[in-house]
Amino acid sequence: MPKEREEQFAEILNEALDSGLLLLGESARKAIYFHLKKDFSITKENAAGRMEAFARGLESIFGAGALVIERSILNVLYSKLELSYENNEDSGFVESLKRARDEWLNKVRLDVSLI
Amino acid sequence: MYIGCDMKTAYWIGAILGVSITLIYLFQERYPDFMNLFSNAFPPFVAGAAMIASVFALMKYWGNLGDRFSKIWIGFSSGMVCWFLGELGWAIYTLILNVEIPYPSIADVVWLIGYIPLFIALFLYVRTFRSATSKLMRIATDIGLFTGSFTLFVFFAAQILVAPVEEGIITLIFDLAYPALDLALLSLSILALLIFAKGKIARAWFFINGAILMTIVGDMLFSYTTLQGTYYNGHFLELFFHWGYILFALGFYTHQKEL
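All figures in this text were calculated on a predicted structure; none of them were measured in a lab.

Looking now at the overall build of chain A. If you tally the helices and strands in chain A, you get 5 helices and 0 strands. Reading the secondary structure of chain A in the N-to-C direction produces α-α-α-α-α. Relative to the globule expectation of 13 Å for 115 residues, the C-alpha radius of gyration of chain A, 14 Å, shows essentially globular dimensions. When burial is assessed residue by residue, chain A has 32% of its 115 residues classed as buried. Partitioning the contacts of chain A with sequence separation of at least 6, the portion at a separation of at least 24 is 49%.

See the structure below:
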C-alpha cells in the first residue's frame, strides 16, 4: 500500500512539475526540459525521483529566479493534493516537496482509517 | 530548434566586428568620403543584426499569444524592428534625400515608438520573476536609478539653460526623451541581471544591460553634441550605438542558446 501511494505521489508530482514549468509558456518549458536533460540527465519522466538535481538544474538556468518557478510548481502540487500551501521563505523547494508528501500521505491514511 | 552558430563563434564575431568598426572610426581622417557613407549606411546593418537575433529568439519561444515568453519576445522583436526602421529612416534622409543631420525627424518618432514594446517586454520579464528579488535589492536599484536620473536632469537642465535660442522646444524634448527612456529600460534590465546573476541566462542579461548602457551614453552624447552644434556624421559617439546593437544581438542570441 505505501509503495502504491508513493507511486501515486510521484505521478501527481510529475504532473505538477509539468504544469508549474508552463509559467513561461510551452516553448520555454520544452527549452527547460532540454537543458535539464543535457546538463543533469533529468527527463520529464524521471524528474519526480530526482528533485534535488531538478532544483539544482533550475537554479543553474535562472539563478535566484528559479525560486519563482519552484513556487509555481509547489502551488500546482498543493492544489492537486488538496492541501493548503503556505509560502514559507525559510524552507527550500525539496523540503517543501517532502512536507507535501508527508502531509498528503498522512491525509490519505486518515481518510482510509475513517472509511 | 537549432538556430545559428555556437556561442564562442558568436562572441568572436561580435568582438571582431566591434574592434573593426572602432578602427574604422579611429582612422577616419584618411577617408572622409567613405566615412560619411559608412556612418550613415552601416547602422541599418548592425541594427538589422540585433533585430534578426530578436526574431530568432521569438521564433524559438513562440507558442501562442497567451504564453508569457511569446508576449515578451514579441515586445523585444517589435522594439528592435522599430529601431532598425529608425536607422533605415536616418540612412534614407542622409544618403538619398541629402539631409545632413535629420534630427529630429520621422526616424526619431519610430525610434521612440520602439521604446514602448521594449519597455513592456522588460516589464513582463521582470514582473514574472520580481518576487525572487529581495527588498534590499529593489531599494539599491531604486537608489541607483534615482541618482542616475537626477544627474541626467541636472546635466540637461544646465544644457537647456545655455542652449541657443534657435534650438526648438521639440528638439529639446527629443534630447531629453532618449536618455530618460533609456534609463527606464535600464531600471528593469538591471533588476533582471540581479535576479538571474547566478544562472546561465545572466550572460544574456549582462549583454542586454551593456547594450542599454551603451545606448544611454550614445544618446546623452548625441543630445549634448547636437545642442552644442558639434555633431557630424562619423562622430566617435556613433560607436556607442554600434557597440550597443552588437551587444543587443549577442544578448538575444545568448538568451536563445542558454534557454
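This part takes up the overall build of chain B. The secondary structure content of chain B amounts to 8 helices and 0 strands. In chain B, the succession of α and β elements from N to C terminus is α-α-α-α-α-α-α-α. The C-alpha radius of gyration computed for chain B amounts to 19 Å, which stays within 12% of the reference 18 Å derived for 259 residues, consistent with globular compactness. Across its three principal axes, chain B shows a C-alpha extent of roughly 50 × 40 × 30 Å. The buried share of chain B, reckoned over its 259 residues, is 39%. Look at the contacts in chain B between residues 6 or more apart in sequence, and 77% of them connect residues 24 or more apart.

This next bit is on the confidence of the model for chain B. Mean pLDDT over chain B stands at 90; residues scoring 70 or higher make up 94%. In the predicted assembly, ipTM is 0.86 and pTM is 0.90.

Below, the discussion takes up the interface of chain B and chain A. Each partner contributes to the interface: chain B provides 21 residues, whereas chain A provides 17 residues. Elements with a contribution of two residues or more to the side of chain B that touches chain A: α2 (32-61), α3 (68-96) and α4 (106-129) of chain B. Ranked by residues supplied to the side of chain B that touches chain A, first place goes to α3 of chain B with 3 residues.

What follows deals with the nonpolar core. Residues and elements named next belong to chain B. Grouped together as the largest cluster of nonpolar side chains are 92 residues, with contacts concentrated most on Ala 50, Tyr 245 and Ala 249. Considering each element in turn, this core owes the most residues, 12 residues, to helix α6 (residues 169-195). Discounting residues that sit within four places of it in the chain, Tyr 245 has contacts with Val 46, Ala 47, Ala 49 and Ala 50.

Turning our attention to the environment of Ala 204 of chain B. Residues and elements named next belong to chain B. The topology assignment puts Ala 204 in helix α7 (residues 202-228). Along the chain, Ala 204 and Tyr 253 lie 49 residues apart, while their C-alpha atoms are 7.7 Å from each other. Ignoring anything within four residues of it in the chain, the contact list for Ala 204 reads Gly 251, Thr 254, His 255 and Glu 258.

Definitions and cut-offs
- Residues numbered from 1 in each chain as written.
- Chains lettered and ligands numbered in written order.
- Predicted model: local features only at pLDDT ≥ 70, side-chain atom pairs only at ≥ 80, totals over all residues.
- Helix = DSSP H or I, 4+ residues; strand = E, 2+ residues; numbered from the N terminus.
- Rg over C-alpha atoms; globule rule 2.2 N^0.38 Å.
- Buried ≥ 20, exposed ≤ 12 C-beta atoms within 10 Å, placed from the backbone.
- Contact = placed C-beta atoms within 7 Å.
- pLDDT = per-residue confidence, 0-100.
- Core = buried A, V, L, I, M, F, W, Y, C linked by C-beta atoms within 7 Å.

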